[in-house]
Amino acid sequence: MTKVNPQFAKKMSQVESALDVRYCFGCSACVAECPAALRFKEFNPREIVISTLLGVAENLIEADSVIWQCATCYKCYERCPQNVHPVDVITALKNISFAAGNAPEGVSSLHKAVLENGSIIAPSEAIQKRRAKLGLPAFSHATLHVPEASGKGGE
Amino acid sequence: MAEDAYLLFLGCMIPLRHPQIELAARKSMENLGVSLRESSEFTCCPEPWNMKASSLEKWLLIAARNLAVAEKEGSQLLTLCNGCFSTLTEASHLLAQNKGGIKEKVVKDLSSMGFSYSGKTSVHHVAQVLCGMEEKRVLASAKKELGGLKVALHHGCHLLRPSEILGFDDPFEPRLLEEFVRRLGAEPVAYRGYTDCCGRATLNRDASLEMAEQKLSAMEKEDADCVVVACPACFEQFDLGQVEISRRLGKNHQLPVIHICQLLALAQGEPPESLGLERHKIAIKPLLAKIGE
């Protein structure tokens, strides 16, 4: 049986003030042009928003959740007549999923790369050579020192 | 003129994977008399799909740090990438909005990192700068007519949406870049799914490539000579993507892909062989032949 968690919607506000989620009246404007909904029958932004609101969204934050198929095209953001911003709800769910250790490997490794190297791409010798050949200066990012305590709200 | 000076925010993908786009941007901006400065203090913007998906707080803090670097330099930012543009613009917006006192929290964290933030930095995508420029100035720099080159514009989602925050153009019926390429003597073609996503951020690679393939087919149906993008992620999705589409989906396309700054550099008469275009996976030659190179 599906477990209902009445507190689930509150989890959302920890990562984002996603209170607007309550204004969803289920019209499906977000679904019509959603490229992920078109390709994955289990991906439906309207259902994701309503499940979140009703507190039956635990499956959405588990490993291999369908939320990771969102293309972040923001069409639902533009089309929603109620300013629910389904894409922001999905991003908030992704944050919760990541904090629970359920995000796809690629997301975790990118997160780590940004914090450790300040970059999503390591500057290789080959690329510096290519830059030099094009007459471009050598390139590197600054080192990041993100305070340990930061980001606690969402984790 | 002060408004023609920018601090160049390169991000990750352009300088470290597609430096030919950076080269074209530097040359074309110089030709227009726009001056660019650099900073070695920037990091990844950070990336607005997976970094934002993993931690909105860290994403915002790192973006704010980059904005603080620009503030210290006293300069407005210029980005060549939709990802950098949307991250930095949206972060400024969230900080200005200051819901739930988020700004104070970020300012405090930044100060422990040695930065101060007041919110003075403005963020500009190169497409905005180009579209906002006087026509005669653009024409004065463009030595070469593009001879009706049929251009399939792909703006990329994060240049257009969310429009209330990014404020570039209409999110579904954009007009500005169209006008800009017309000024250069190219012809923008309308095609099915015009403002659809390239599919880059979708996790399932087959679905992601299908999204790009659908757009490429629609562009070819309208006899486009090339795809013109404003973002290195869209660039990779369409350029390298065509190789993957052929391999994984068995559909063959050979549509050259270039960044808007590369189109501009060509229109300004920069010799194609000096622009590093041979690194593109889909050969640029047919496009060059169309413009008499």
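Reading the values: rules and limits
Numbering of residues starts from 1 in each chain and follows the order in which that chain's sequence is written. Here chains are named by letter from A upward and ligands by number from 1 upward, in the order in which they appear as written. Predicted model: local features are reported for residues with pLDDT of at least 70 only, side-chain atom pairs are reported and counted for 80 or more only, and whole-chain, interface and lining totals are derived from all residues. Side-chain metrics rest on all non-hydrogen atoms present in the structure, leaving aside hydrogens and water. For the purposes of this entry, the term helix denotes a DSSP run of H or I that reaches at least four residues, the term strand denotes a run of E that reaches at least two, and both are numbered from the N terminus. We call a residue buried when its accessible area falls under 20% of the maximum for its residue type, exposed when it is over 50%, and partly exposed in between, using a 1.4 Å probe and counting protein chains only. Should any heavy atoms of two residues lie within 4.5 Å, those residues are considered in contact. What sets the accessible areas is the Shrake-Rupley method with a 1.4 Å probe; for residues, cover comes only from the shown protein chains. Note on method: axes are straight lines fitted to C-alpha atoms, helices fitted across the in-contact stretch only, with angles between N-to-C directions ranging 0 to 180 degrees. Reported orientations rely on four angle classes, namely roughly parallel under 35 degrees, roughly antiparallel over 145, roughly perpendicular from 65 to 115, and oblique for the rest. Crossings are sorted by hand: turned counterclockwise from the far helix by less than a right angle, the near helix makes the crossing left-handed, and turned clockwise it makes it right-handed. Any residue that is not Ala, Val, Leu, Ile, Met, Phe, Trp, Tyr, Cys, Pro, Asp, Glu, Lys or Arg is counted as polar, Gly included; the first ten are nonpolar and the last four charged. For the domain bounds, the source is a domain assignment made automatically or taken from a database. Put simply, buried area is the surface a 1.4 Å probe can reach on two separate parts but cannot reach once they are joined, added for both. Think of it this way: DSSP has to see at least two bridges between two strands before they count as a pair. Put simply, a salt bridge is a Lys or Arg side-chain nitrogen that is within 4 Å of an Asp or Glu carboxyl oxygen. Contacts described as polar in this section are N or O atom pairs within 3.5 Å, which, within protein, must combine one atom able to donate a hydrogen with one able to accept it, while residues neighboring in sequence count only if both atoms come from side chains.

Visitor: In this structure, what is going on with the overall build of chain A? I would like to understand it.
Guide: Helices and strands together make up the secondary structure of chain A, namely 8 helices and 0 strands. Counting from the amino terminus, chain A carries its helices and strands in the arrangement α-α-α-α-α-α-α-α. Considering chain A as a whole, with its 155 residues, one finds that 49% of them fall into the buried category. Here the contacts in chain A between residues at least 6 apart in sequence split such that 66% fall between residues at least 24 apart. Looking at chain A as shown, the accessible area adds up to about 7,800 Å², and 53% of this sits on carbon and sulfur atoms.

Visitor: Looking at this structure, I do not really get the packing of helix α11 (residues 176–183) of chain B against helix α14 (residues 260–267) of chain B. What am I missing?
Guide: A pair of packed helices can be characterised by two numbers: the angle between their axes and the separation between those axes. Residue and element names in this part refer to chain B. Running from N to C, α11 and α14 cross one another at 20°; their axes reach a closest spacing of 11 Å. Overall, the two elements α11 and α14 adopt an arrangement that is roughly parallel. In the crossing of α11 with α14, the sense of the turn from one axis to the other is left-handed. Each of Leu177, Phe180 and Val181 in α11 lies in contact with α14, whose residues at this interface are Ile260, Leu263 and Leu264. Here the contact of α11 with α14 is composed, by residue class, of 6 nonpolar, no polar and no charged.

Visitor: Sorry if this is basic, but what is going on with the environment of Leu184 of chain B here?
Guide: All names here are of chain B. Here Leu184 shows up in the loop between α11 and β6 (187–188). Taking the C-alpha atoms as reference points, Leu184 and Gln242, separated by 58 residues in sequence, lie 27 Å from one another. Beyond its immediate sequence surroundings of up to four residues, Leu184 is in contact with Val138, Ala142, Lys144, Glu145, Leu146, Leu263, Leu264 and Ala267.

Visitor: Honestly, the domain arrangement of chain B in this entry has me stumped. Any pointers?
Guide: Interface size is commonly expressed as the accessible area that is lost once the parts come together. Residue and element names in this part refer to chain B. What the domain assignment lists for chain B is domain 1 (5–126) and domain 2 (144–290). A C-alpha centroid distance of 24 Å is found between domain 1 and domain 2. The interface is formed by 26 residues belonging to domain 1 together with 27 residues belonging to domain 2. Note on domain 1 versus domain 2: buried area summed over both sides is about 2,300 Å², and carbon and sulfur give 69% of it. Three residues, Gln20, Trp49 and Asn82, lead the burial of domain 1 against domain 2; their summed loss comes to 26% of the area buried on that side.

Visitor: How should I be thinking about unusual backbone geometry in this particular structure?
Guide: Note: most peptide bonds trans; most residues except glycine with negative phi. The linkage connecting Cys45 of chain B with the following residue, Pro46 of chain B, adopts the cis geometry, with an omega of 0°. Its place among the elements puts Pro46 of chain B in the loop between β2 (35–37) and α3 (50–54). With phi around 75°, Ser28 of chain A is a residue other than glycine that occupies positive phi space. As for its placement among the helices and strands, Ser28 of chain A is situated in the loop between α1 (8–15) and α2 (29–32). The class of Ser28 of chain A is partly exposed, set by a relative accessible area of 28%. In the Ramachandran plot, Asn83 of chain A falls in the positive-phi region, its phi being about 55° despite a non-glycine side chain. Take Asn83 of chain A: it is sitting in the loop between α5 (75–79) and α6 (86–99).

Visitor: What am I meant to see in the sheet that holds strand β3 (residues 77–79) of chain B here?
Guide: Two orientations exist for strands paired in a sheet by backbone hydrogen bonds: parallel and antiparallel. Residues and elements named next belong to chain B. Sheet architecture is open: 4 strands sit in the order β2-β1-β3-β4, paired in parallel fashion. If you trace the sheet from one side to the other, it starts and ends with β2 and β4 (123–125), each paired once. Sheet twist, expressed as the average angle between the axes of neighbouring strands with direction ignored, equals 40°. Both β3 and β4 contribute to a ladder of 3 bridges, which runs parallel. Within the sheet, the bridge partner assigned to Leu78 lies in β4 and is His124. Contacts from helix α4 (residues 56–73) reach β1 (5–9), β2, β3 and β4 within the one sheet, and its direction differs from that of β1 by about 150°.

Visitor: When you look at the packing of helix α8 (residues 125–133) of chain A against helix α2 (residues 19–31) of chain B in this model, what are you seeing that I'm missing?
Guide: Packing of α8 of chain A against α2 of chain B brings their axes to within 10 Å, and their N-to-C directions diverge by 30°. Our classification of the angle between α8 of chain A and α2 of chain B gives roughly parallel. When the axes of α8 of chain A and α2 of chain B are compared, the crossing they make is right-handed. Two secondary-structure elements touch here, α8 of chain A through Ile127, Arg130 and Arg131 of chain A and α2 of chain B through Pro19, Gln20 and Glu22 of chain B.

Visitor: Hey, could you run me through the interface of chain B and chain A in this one?
Guide: Taken together, the contacts link 62 residues of chain B with 54 residues of chain A. Carbon and sulfur atoms supply 63% of the area that chain B and chain A bury against each other, a total of about 5,000 Å² over both sides. It is Leu16, Lys58 and Phe172 of chain B that lose the most area in chain B upon contact with chain A, and together they represent 14% of the buried surface on that side. The tally of links from chain B across to chain A stands at 3 salt bridges. Among the ionic pairs, Arg39 of chain A bridges to Glu210 of chain B, the shortest N-O distance being 3.5 Å. Here chain B is connected to chain A by 21 residue pairs in polar contact (both at pLDDT 80 or more). Of all elements in the fold, only α1 (13–17), α2, α3, α4, α6 (102–112), α9 (157–160), α10 (163–166) and α12 (205–221) of chain B reach the threshold of two or more residues within the side of chain B that touches chain A. Ranked by residue count, the leading element in the side of chain B that touches chain A is α4 of chain B, at 6 residues. Among the residues forming the side of chain B that touches chain A, the class breakdown is 28 nonpolar, 16 polar and 18 charged.

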